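What the coordinates show
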Amino acid sequence: MTFEEILLKSEKPARYSGGEYNTPDMEKPCDVRFCICMPDLYEVGMSNLGLKILYHVLNDQKNVVCERCFAPALDFRALLKENGIPLMSLETKKPLKEFDMVGFSVQYEMLFTGVLYVMDAAGIPFYAKDRGEEYPIICGGGPSTINPEPIADFFDLFMVGEGEEMIVKLTDLYAKCKAAGKTKTQFLALAEKIEGIYVPSRNTPKRRKIVKKAVVRDFEHCFYPTAQLMPTLEVVHDRAMLELYRGCQNGCRFCQAGYYYRPIRFRSKNTVKALIERLIRETGFDEISLGSLSTGDYPYLEELLSEVNPICAKARVHLALPSLRLSSFKKEFAESSRKSSLTFAPEAGTQRLRDVINKNVTEEEIRTGLSAAFDQGYNSVKLYFMLGLPTETDEDLMGIVELVKMIRRLYHENHKGGVNISVSCSVFIPKPGTPFQWERQITREEMSRKQFLLKDELRKVKGASFHYHDRETSELEAIFARGDRALAPLIELAYKKGAMFDSWTEHFHYEIWEEAMAELKIDKEKYLGEQPLDKPLPWEFIDIGVTRAFLLREREKAYRAECTLGCDKGCQGCGAMALALCDEVKKK
Amino acid sequence: MILVLKHYKRGNMKYISHIDLLRHFTRTFRRAGFEIEYSGGFNPHMQVNLGTPLPLGISSSAEYLTVRTDVPKEEFLEEYNRVAPAGLEGIRVFQPLTNPNVAGRTVAADYSVAQSGAEEKRREVEGVVNLLSLPMQIEKKGETTVKDVAPLINAIKVYPGRLNVSLAAGNVTLRPDKFVEFLAGKFDFEVKTTDLWKYEQYVRENGVLLEMDRFLEKLEKSNEETKV
């Protein structure tokens, strides 16, 4: 069968056909052919802002052409295999193997098998040591590089931190090395000198070098593509995404992103406004999402909205404001959003536990925020909590139930009809780079007891519904989050036994992982239990700016249920300022 | 006022489903800066009426969509093409005086497919159009049914390297890809359905087939209700 015939036999040919509006020039002469690969389906991969930024920043370079590749769905993978066709790029249908560089965007731990799935479909050997000069340089990037160790042996190099400037330095270096006829080993030795680049073969647990995370120092003027690729079929986040700022003021102690993306750097109101106008013209999306880790804390939000709301209304573009904190919920914001349902994340049920995790939101703020929202006409609330947080007791769980009851009463004080309160509980995963990186994860038995306790209690509350995360997925995620190099063979074995698309509930089979762990004699307790304070953790060679001393101090404060104020109230000395100037400090 | 855009659906765009297609048009119109009429109600959306759905994988040079807008006809085509995705290029714009109801009025379409080996069997293949009954197996959602497709065939012509068929399309449809494969199987020749084009579509007026372009041209001049 020809490729075109295969396309027509697949479930959704548009996933693999390419040809999106705003595709850059693929025919220009170039020194480096780069393929960005997201080890997930088109619909997921094309929803990722990072991928779009890197794709366009590379294609903006004179000497680079960047293409894309996503994980093929199982039906298409089978068709490719039957017909002996290796996985190819979307744009020019070039086999992955023939690129100079292939960059995997590894968004989180559950995509690890996806990387192997893609390499397998492309006919690329898994381990870096088994790949000769004829294979592309395999690069890794994305948030999971805060601890790349479990997948370190599969990659030639990692880009740690923010990619838009680092990736250009990397392709420049590659072009020079290629022209000079340098070998892969020679290139890697030079690449290691670029800030943010980690070369696992030259930086091993026995001989460690510190890798400093790359950050964009001038976020205000940094590259952001407005003529973005327009997905051909409906994708998960089918809208334009625009970052208002990087970093987060709040310092929630469980939150990896909150520490990893420091220091705080704002885009000015005028820049955001200009970008919104260009996005409307150049993409045609009917929705623009103003993203950040805590959009309500963007200092210029009110001014910005008052200026851009008329522009968006005229073009009939909806502005979405995700990640609003309850305390920052204001009438004006609610008015500019669609009145569907409100989502807030108190994370814990009692004030004591919220203080432990430094989620600076009080019951009073919840009351005020929700009251305002109900008066606006909202009658549906989604609440996110975490189970198994450090120091959690059953009293904290009952606090969740009390909170739900309080919200119900609050609604009925002034409003008729029913209110929907949906409670979603994930399981706490101790993540590298946070003050809780040394904590244990609760066992699956404990998870199940807590989940059922809540389920029973919430069943008694009218209008409340309860959802909870899968225990097995949470456990595996925790194992990988704090994993080391001993886990690469586990990922390989599990993949060979059939584990793939682990982030898709219907494809996740924990038995495969347990079987593989047993065969390789891997003790999961080593990764799930409390980690020693006196030894460096496997990922501590990665310098994210925030210091160990700061994390330890926050950990102590957590045990004392003591809050740390937000960066906007004064610098707390996390250490990230060593990487770039923090805008919260600059403001003062 | 009402504008009808005649456009292609070809290249990579032939893989786009009918629902996804709508999204491409609303985005293209926003990029062009067109003010298109919106629906009222709780969740207003841009009102774009697409023609009859084209099965996935078939190219076309005769697709029609209808909008209400104040953008002048000439400007519409030029501005649309400036920001249209490759494969959905505009061909012509009509300004009918009444709503043409393209999807509802379409009754037939012409298709052309690449073939090899049909020339030798030209007489038999073309003769199919005269059959009073032609049972064809049709698979739908995993179930196989047998349907008499003879009333759905208007014309069959064999040309060197091509096979052209004119089939019912609209409320009653015979899928061209399935039908040419059926013919190829029946008379033992090859068709390449990856090279299958729709190039014309028809309304029925006074009992005879009238090309969509002619029909729209008539509506541009007169708003008299045409007889269906």
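Residues numbered from 1 in each chain as written. Chains lettered and ligands numbered in written order. Predicted model: local features only at pLDDT ≥ 70, side-chain atom pairs only at ≥ 80, totals over all residues.

Turning next to the overall build of chain B. When helices and strands are counted, chain B shows six helices and eleven strands. Taken against the 2.2 N^0.38 rule, which gives 17 Å for 228 residues, the C-alpha radius of gyration of chain B at 19 Å falls within 12% of a compact globule. With the principal axes as the frame, chain B shows a C-alpha extent of 55 × 40 × 35 Å. Across chain B, contacts joining residues at least 24 apart in sequence account for 71% of those joining residues at least 6 apart. (Helix = DSSP H or I, 4+ residues; strand = E, 2+ residues; numbered from the N terminus. Rg over C-alpha atoms; globule rule 2.2 N^0.38 Å. Contact = placed C-beta atoms within 7 Å.)

This next bit is on the sheet that holds strand β11 (residues 287-291) of chain A. Consider a sheet: its strands pair through backbone hydrogen bonds, and that pairing is either parallel or antiparallel. Residues and elements named next belong to chain A. Reading across the sheet, the three strands line up as β8-β11-β12 and stay open at both edges, with parallel pairing between neighbours. Sheet topology places β8 (240-243) and β12 (318-320) at the edges, where each strand pairs with a single neighbour. Between one strand and the next, the sheet's axes are offset by a mean angle of 25°, whatever the strand orientation. One ladder, built from three bridges, connects β11 with β12; its direction is parallel. Each bridged residue has a counterpart across the sheet, and for S289 the counterpart in β12 is A320. (Pairing = 2+ DSSP bridges. Axes fitted to C-alpha atoms, helices over the stretch in contact; angles between N-to-C directions.)

To continue, consider the sheet that holds strand β13 (residues 342-347) of chain A. Residue and element names in this part refer to chain A. If you walk across this open sheet you meet the four strands as β13-β14-β15-β16, and the pairing is parallel. The open sheet has two free edges, formed respectively by β13 and β16 (464-468), since each of these has just one partner strand. The mean inter-strand angle of the sheet, taken between neighbouring strand axes irrespective of direction, is 20°. Relative to strand β14 (residues 380-387), β13 runs parallel, the two sharing four bridges. From the neighbouring strand, L342 faces β14, where its bridge partner is V381. Together, β14, β15 (420-427) and β16 form the strand contacts of helix α16 (residues 444-459), whose direction differs from that of β16 by roughly 170°.

Residues and elements named next belong to chain B. Here chain B is described as being made up of domain 1 (2-95) and domain 2 (105-205). The C-alpha-based centres of domain 1 and domain 2 are spaced at 28 Å. On the side of domain 2, twelve residues touch domain 1, which itself brings ten residues to the contact. (Domains from an automatic or database assignment.)

A few words now on the packing of helix α15 (residues 394-414) of chain A against α16(A). Residue and element names in this part refer to chain A. Interaxial distance between α15 and α16 falls to 10 Å at its minimum, and their mutual angle equals 30°. With respect to each other, α15 and α16 are oriented roughly parallel. Here α15 and α16 pass one another in a crossing that is right-handed. Counted together, D394, L397, I400, V401 and V404 of α15 and K450, L453, L454, E457 and L458 of α16 form the full contact between these two elements. Here the contact of α15 with α16 is composed, by residue class, of seven nonpolar, no polar and three charged. (Parallel < 35°, antiparallel > 145°, perpendicular 65-115°, else oblique. Left-handed = near helix turned anticlockwise from the far one by under 90°. Nonpolar A, V, L, I, M, F, W, Y, C, P; charged D, E, K, R; others polar.)

Core analysis: the largest hydrophobic core is formed by 236 residues, its most contacted members being V115(A), C139(A) and L157(A). The biggest single contributor to this core is helix α6 (residues 112-122) of chain A, with eight residues. In this structure, this core is formed jointly by two domains, domain 1 (2-95) and domain 2 (105-205) of chain B, each of which donates at least three residues. If sequence neighbours within four positions are ignored, V115(A) has contacts with P39(A), F104(A), V106(A), I151(A) and F154(A). (Core = buried A, V, L, I, M, F, W, Y, C linked by C-beta atoms within 7 Å. Buried ≥ 20, exposed ≤ 12 C-beta atoms within 10 Å, placed from the backbone.)

Opposite the 23 residues of chain A that make contact, chain B presents 18 residues. Sorting the residues of the side of chain A that touches chain B by element identifies α1 (3-9), α2 (14-17) and α10 (269-283) of chain A as the ones contributing at least two each. Residue classes in the side of chain A that touches chain B are distributed as ten nonpolar, six polar and seven charged.

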